[in-house]
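# A look at the structure
Residue strings, one per chain:
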Amino acid sequence: MSAKPRRRRLAREELRRIIEFCRSVENKGLNPFLVNVEDLISVIREYFPSLKNAEELSLDAEALNHVASIIRMQSEWVKRRATSLYRDPFLIEEKLRSLSTGDLAEVFLKAWHPIVELEQITIGSLKSSMKYWRSLAPLSERWREEDLLKAEAGITTREELVKQGILRDETFLSEIERMWMELKDKATRDGKMDYWDFIGAESYEETLRRAYLASFLITYGYATLEIQPLEEKIFLKPNDAPVSKTDAQPFSFPIPISYERWRQWREQREE
Amino acid sequence: MARATRRIGRKRRYSIMLKKAAQMILYRRHREPGVKGWELRRRLGSDYPKVLQLLDEYLGNLGLTVKTVFEEDGSPPENPTIDQLDKARFYVTLREELSLGDMKLVGWRIDDLAGLAVSLAYIISKGGKSPRKELESLLRTKLPGWRVEMNLNRYIRMGYLIEDENEQLYLGWRTRAEVDQKKLIDLLMEQEA
């Protein structure tokens, strides 16, 4: 390979590298003074004579454009540091982490002056409301309850649930563990989560599936049940690691997952 | 006698303009509330800044104020030109500070408000721009994981934040209108943990 094509290839690579570097500084909001603008300009200048076609020249222009953006960022950086609003970002982040939600809300209220406004209906929104109203099914259809079959309570097995499609046919333990992780994630604030908020899902079938799995979560020691009888509330608390319950006296705690209760939960959630 | 009649006429004219200005600012006619300076000039004439000053004095009795948000970022000009005022947007906001007890009146939960405080202060500290992922991870220390995304989307929907196609978050129009950014940062730094 002769020297000229090699130099052109090198020039393209260098220009792309400059573009990527500048772009990452722009996007990540890094200190723009980390970029040595003079170095970049000298590289662009050095390779400019070897560029020939339109694609190479547009790469050169793009690289220059990004360098110009870095210079603009440097100017803004200096301006911002000179303003009274500037505080060390690390100090602020530390403060935000250490303050409680109550303190944060209280501080915010002192600096917050919400807008006062009046909303009124416009011709456009009136038209779309009319259109919506006309296409709406009558109440008798929308509120029609699905006919439910009354069935006697009985015992089911995991195999039957797999057959009925309530449970997926995959390793049972891995499913339990996935649910355990989900519970840990959702219960980060108080270390516990409302039972219905955890098992509740968009469909009744999915809720049943989650309730079934949650019962194993407790049986296998991945989580414990906290019952507050006065408030009629049940909470699930994830354990850090599965706890063996060989010493404790096992007991059963039935939780009815009725269709009515599920509908109630959904309505409350939508409110 | 003629002078007195002229004075009453002027008073009446300003009283009508005051009502018009209040309606224009308070009633929401566009996607954003408030009104632009040039819209006020078209309806009220070139002395609309005087009308706004009178409106501000009147609203002061009700604990409200006329807030001017200039087009340019940064501190507002001390003596704005007519051109700057024409391009500015005017809102009516609460004049006084709110207390924790008032929070229910404006329909916010404590942790939603704390999340908003964290989001705004963090973006301000980063010079007005922050990657969404970074802010999400900070918010997770304050809010349950499943609420972080929901809250951020709510702040964006309400206009407190703006998100671009590179998942970068910026301060939105509502923040500029409602939040005293300098005061927020100063108070945060003063607050004892």
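Let me begin by describing the structure that accompanies this report. This one's a predicted model, so the numbers in the text were calculated from it and none came from an experiment.

Turning our attention to the packing of aromatic side chains. Residue and element names in this part refer to chain B. For the structure on display, the rule yields twelve aromatic pairs over all chains. Between W108 and Y155, the ring centres sit 6.5 Å apart and the planes meet at 20°, which makes this aromatic pair stacked. Of this pair, W108 sits in the loop between β3 (89–94) and α5 (110–125) while Y155 sits in helix α7 (residues 145–158); the two residues are 47 residues apart in sequence, bridging distant segments of the chain. Among the residues examined, W108 registers a relative accessible area of 7% and is labelled buried. For Y155, a relative accessible area of 0% puts it in the buried group.

For the rest of this paragraph, the subject is the nonpolar core. Counting 39 residues, the largest nonpolar core has A:L96, A:F108, A:W112 and B:L184 as the members making the most contacts within it. With ten residues, α5(B) is the single largest residue contributor to this core. Setting aside its immediate chain neighbours within four residues, A:F108 contacts B:L113, B:L116, B:A117, B:L120, B:V179 and B:L184. A:L183, A:Y212, A:L213 and A:L217 belong to the second largest nonpolar core, which has 28 residues in total.

Now for the sheet that holds strand β6 (residues 168–171) of chain B. Residue and element names in this part refer to chain B. Spatially, three strands are ordered β4-β6-β5 in an open sheet, and the strand pairing comes out antiparallel. A strand with exactly one partner marks an edge of an open sheet, and here the two such strands are β4 (129–131) and β5 (161–163). Looking at each pair of strands side by side, their axes are set apart by 30° on average, direction ignored. Judged from the three bridges that link them, β4 and β6 form a sheet pairing that is antiparallel. Looking at β6, one finds that S130 is bridged to L169. Across the face of the sheet, α7 comes into contact with β5 and β6 while running at roughly 100° to β5.

Residue and element names in this part refer to chain B. Here D86 lies in helix α4 (residues 82–87). Judged by its relative accessible area of 9%, D86 falls in the buried class. Side chain to side chain, D86 and Y48 meet in a polar contact 2.6 Å long. If we ignore the near neighbours within four places in the chain, the residues touching D86 are K36, G37, W38, R41 and Y48.

Rules used in this analysis
Residues numbered from 1 in each chain as written. Chains lettered and ligands numbered in written order. Predicted model: local features only at pLDDT ≥ 70, side-chain atom pairs only at ≥ 80, totals over all residues. Heavy atoms only, no water. Phe/Tyr/Trp six-rings, centres within 6.5 Å; stacked < 30°, edge-to-face > 60°. Helix = DSSP H or I, 4+ residues; strand = E, 2+ residues; numbered from the N terminus. Buried < 20%, exposed > 50% of the residue type's maximum accessible area, 1.4 Å probe, protein only. Core = buried A, V, L, I, M, F, W, Y, C linked by side-chain atoms within 4.5 Å. Contact = heavy atoms within 4.5 Å. Pairing = 2+ DSSP bridges. Axes fitted to C-alpha atoms, helices over the stretch in contact; angles between N-to-C directions. Polar contact = N/O pair within 3.5 Å; in protein donor to acceptor, adjacent residues only side chain to side chain.

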